[in-house]
Amino acid sequence: MDGKPRTPDSPTESDEKVIALRETSLIQDVDEEYLNDPAAARALLWKLDLRVLPIFMLLWFLTFIDRVNIANAKIQGMEKGLHMSGNNYNVALTVFFATFIAFEVPLNMLLGARIKWLPPKVLLGGQVLLIGFFAMGQGLVNNFGGIVAMRLFVGLFEAGLVPGTVTLLSNYYPRYHLQWRMSILAVANALASSFGGLLAYAIIGMDGKGGRKSWRWVFIIEGAVTAVAAVLGLLLIVDWPEKQKFLSDRELKLARHLIAKDCHKFAKMDTLNRDSIIRCVTDWKIWLNVVIYIGTVATTYSINLFGPTIIQGLDPKYTPKKILLLTAPIFLVSAVFCLASAWISDRLKHRSGIVMTGYLISTVGFGILLQPKGAVTPGTRYMAIYFVAIGSYISLPILWTLLANNVSGVYKTAFASSVQIGLGSAGGIVASFAYQVKDAPLYHKGHTIIFSLLMVALASVLAFCVGIFFEKKKRAEGKRDYRLASKHVDNMGDDHPHFKLTY
């Protein structure tokens, strides 16, 4: 006894414990209500959209301009200025993909390792800064070897940006909300192709300024803008969810809850060991997606890298200014279709059917472009380029999400996205050599090569759907439950029997 009289209303020690338990229960009830509140989820996603996406939109926009602005420099006299001949231009395009492919996996696995002194903003922002420097360098070189060297480094430092973004965003967004965000970033690419053409059009007026030709200013100005934006990236790119400071504890818990609802909370792969490495490299879904990606990205690059060249072949009287003005709206229209298809995909919670729809639209375009000379008018061929571009921009960003939705765990997601985009970018190499000067003006050989790859991609998407169907069936019948007895059950990622695969 403490010697103090206790009034009838004074709680005993036992009563105090009951009150504390009730308060704890109330807090838990409130949290449970909050976790399942659609309004809270919408508010969180809106907050993420405002804080996470804008800087990536800017960086994707600018770095993609640096990737494809060589097409605009070409029609302004780059080949003559650097004494290029034959297939030198094709080689200059191809070397970009050599380092782009080689460093995709290492850079993304480095990001996935979550090294304390190398957070996403340092790794990704630093890469963008170097992209800007070497992009500027393309306007300062004086020969073919110089442009090849600069393109090698631009490819190297662009390698980690796209898969790194996919990996980082998949840790913030539920998988059926990820497609819209990835398509917004893909729209940044489409707008980059459009705006890059318009900017190149404006830069033509700088021909001779500072003793430099206009094609040099294309590289110098656009690369400098990227370098400046990279400084913003170093400041604004978010850290991993558990280390960021812009979400409250409740919001972070809600974000994790939303992701866990879509893919089982035990489907983790946070430890890199022999078993997890084997699961990564033997996953058929990843390698089939590489094949799909090759055909899709080859179609995209056929327009991004050769759009101005193909348009130039429609009428030899077209001036560089007119070619650039005809190129720009193709990507603006593609951007609209890209966003519309993403909205439909997330609404339906379906990916593969939208991808195949994009392929069919591109098929219409190739069907027109492959017509013999005189069979269709130049205006009809120009319209066909729209079909090819629209179809590819519908399909490409959905492929990023299709694979990301079917893998799980930090290391598995990092490996899958980097392999898909890295090795799949071999389609860019094919596109770089598909369109040769000797095949002008209709480029039937190039169109045939790219269209053939697109048909392989279409068949591979169908095969992917069949594979997912039978795997889902096996899991529903309990034929994968034996994995629950494995000592690696908490580190098997999407191989966990309760992980929900999706089309």
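Everything below is about the structure shown above.
Draft legend 1. A look at the overall build of the protein. What the protein contains, in helices and strands, is 22 helices and zero strands. Its C-alpha atoms give the protein a radius of gyration of 26 Å, within 12% of the compact-globule value 23 Å for 503 residues. Taken along the three principal axes of its C-alpha coordinates, the protein extends 105 × 55 × 40 Å. Within the protein, the proportion of its 503 residues that are buried is 56%. Pairs at least 24 apart in sequence give 83% of the contacts found in the protein among residues at least 6 apart. Per element, the accessible surface of the protein, about 21,200 Å² overall, is 66% carbon and sulfur. With 51 positive and 35 negative side-chain charges, the protein shows a spacing of 11 Å between the two charge centroids.

Draft legend 2. The arrangement of the environment of Ser248 in detail. Examined against the element boundaries, Ser248 turns out to sit in the loop between α12 (214-236) and α13 (249-262). The spacing of Ser248 and Ile237 is 11 residues in sequence and 18 Å in space, taken between C-alpha atoms.

Draft legend 3. Quick peek at empty space enclosed by the protein. Counted under the stated rule, the structure contains four cavities of 30 Å³ or more. Size it by volume and the largest cavity reaches roughly 150 Å³. Along the walls of the largest cavity sit 17 residues, with Phe64, Arg67, Asn189, Leu396 and Trp400 positioned nearest its centre. For the lining of the largest cavity, the secondary-structure elements that each account for two or more residues are α3 (53-68), α11 (175-203), α15 (284-304) and α19 (378-404). At five residues, α15 tops the list of elements feeding residues into the lining of the largest cavity. Split into classes, the residues belonging to the lining of the largest cavity amount to 12 nonpolar, four polar and one charged. Approximately 60 Å³ is the volume attributed to the second largest cavity. Mapped by element, the contributors of at least two residues to the lining of the second largest cavity are α4 (70-74), α11 and α17 (320-348). The residue makeup of the lining of the second largest cavity, split by class, is four nonpolar, five polar and no charged.

Draft legend 4. Examining the packing of aromatic side chains more closely. Following the criterion strictly, the structure yields 19 aromatic pairs and no others. Between the aromatic rings of Tyr382 and Tyr386, the centroid separation amounts to 5.2 Å while the plane-to-plane angle is 90 degrees, which identifies the pairing as edge-to-face. Of this pair, Tyr382 and Tyr386 are both found in helix α19, four residues apart, which corresponds to roughly one turn of the helix. Tyr386 shares its class with Tyr382; the two are buried. Aromatic rings pair up to connect Tyr89, Phe306, Tyr435 and Tyr443 into one cluster. In this arrangement the basic side chain of Arg51 is found over the ring face of Phe246, its NZ or CZ atom lying 5.4 Å from the centre. Lying over the aromatic face of Tyr34, Arg250 brings its terminal NZ or CZ to 3.9 Å of the ring centre.

Draft legend 5. Focus on unusual backbone geometry. Each neighbour pair has its own omega, and for Ala440 with Pro441 the value is 5 degrees, a cis peptide bond. Backbone geometry places His83, a non-glycine residue, at a positive phi of 60 degrees. The phi dihedral of Arg114 is positive, around 55 degrees, even though this residue is not glycine. Summarising the element assignment, Arg114 is placed in the loop between α7 (104-112) and α8 (120-137).

Draft legend 6. Seen up close, the state of the cysteines. One pass over the structure, following the stated rule, counts zero disulfides. Cys338 forms no disulfide, and the closest cysteine sulfur to it belongs to Cys465, at a distance of 20 Å.

Draft legend 7. Spotlight on helix α6 (residues 88-102). Taking 1.5 Å of rise per residue, the 15 residues of α6 would be expected to cover 21 Å, and the 22 Å separating its terminal C-alpha atoms lies within 8% of that figure. Of all 15 residues in α6, 12 are buried, a share of seventy percent or more. For α6, every residue scored as buried is listed here: Asn88, Tyr89, Asn90, Ala92, Leu93, Thr94, Val95, Phe96, Phe97, Thr99, Phe100 and Ile101.

Draft legend 8. Summary view of the pattern of salt bridges. Counting across every chain of the model gives 16 salt bridges. Of the charged contacts in the structure, one is a salt bridge between Asp494 and Lys412, with a shortest N-O distance of 2.9 Å. Highlighted residues: Asp494 in the segment after α22 (444-476) and Lys412 in helix α20 (residues 410-424), separated in sequence by 82 residues. The pair Asp494 / Lys412 is uniform in exposure class, with both members buried. We note a salt bridge from Glu471 to Arg475, for which the minimum N-O separation is 2.9 Å.

Draft legend 9. The arrangement of the packing of α8 against helix α10 (residues 161-169) in detail. Packing of α8 against α10 brings their axes to within 10 Å, and their N-to-C directions diverge by 155 degrees. Classified by the angle between their axes, α8 and α10 sit roughly antiparallel to one another. Judged by the twist between their axes, the crossing of α8 over α10 is left-handed. Residue-level inspection shows Pro120, Leu124, Gln127 and Val128 of α8 in contact with α10, the latter providing Leu161, Gly164 and Leu168. Broken down by class, the residue content of the contact of α8 with α10 amounts to five nonpolar, two polar and no charged.

Draft legend 10. Just the packing of α11 against α17, in detail. Where α11 meets α17, the axes come as close as 8 Å, and the angle between the chain directions of the two elements is 175 degrees. Taken as axis vectors, α11 and α17 run roughly antiparallel relative to one another. Looking at the contact of α11 with α17 residue by residue, the classes come out as 22 nonpolar, seven polar and two charged.

Draft legend 11. Up close: the layout of surface pockets. Empty space within the second largest pocket amounts to approximately 540 Å³. Ala41, Leu45, Pro174, Tyr176 and His177 are, among the 21 residues lining the second largest pocket, the residues nearest its centre. Among the secondary structure elements, those contributing two or more residues to the lining of the second largest pocket are α2 (38-51), α11, α13 and α17. In terms of residue count, the dominant contributor to the lining of the second largest pocket is α2 (six residues). Classifying every residue of the lining of the second largest pocket gives 10 nonpolar, two polar and nine charged.

Rules used throughout
Residues numbered from 1 in each chain as written. Predicted model: local features only at pLDDT ≥ 70, side-chain atom pairs only at ≥ 80, totals over all residues. Heavy atoms only, no water. Helix = DSSP H or I, 4+ residues; strand = E, 2+ residues; numbered from the N terminus. Rg over C-alpha atoms; globule rule 2.2 N^0.38 Å. Buried < 20%, exposed > 50% of the residue type's maximum accessible area, 1.4 Å probe, protein only. Contact = heavy atoms within 4.5 Å. Areas by Shrake-Rupley, 256 points an atom, 1.4 Å probe, with all protein chains shown as cover. Lys, Arg positive; Asp, Glu negative; His and termini not counted. Charge placed at Lys NZ, Arg CZ, Asp CG, Glu CD. 1 Å grid on protein atoms, 1.4 Å probe; cavity = no way out; pocket = protein on both sides within 12 Å on 5 of 7 lines; lining within 4 Å. Points joined across faces, edges and corners; volume = space filled by probe spheres on them. Nonpolar A, V, L, I, M, F, W, Y, C, P; charged D, E, K, R; others polar. Phe/Tyr/Trp six-rings, centres within 6.5 Å; stacked < 30°, edge-to-face > 60°. Lys NZ or Arg CZ within 6 Å of the ring centre and 35° of its normal. Disulfide = S-S within 2.5 Å. Expected span 1.5 Å × (residues − 1). Salt bridge = Lys/Arg side-chain N within 4 Å of Asp/Glu carboxyl O. Axes fitted to C-alpha atoms, helices over the stretch in contact; angles between N-to-C directions. Parallel < 35°, antiparallel > 145°, perpendicular 65-115°, else oblique. Left-handed = near helix turned anticlockwise from the far one by under 90°.

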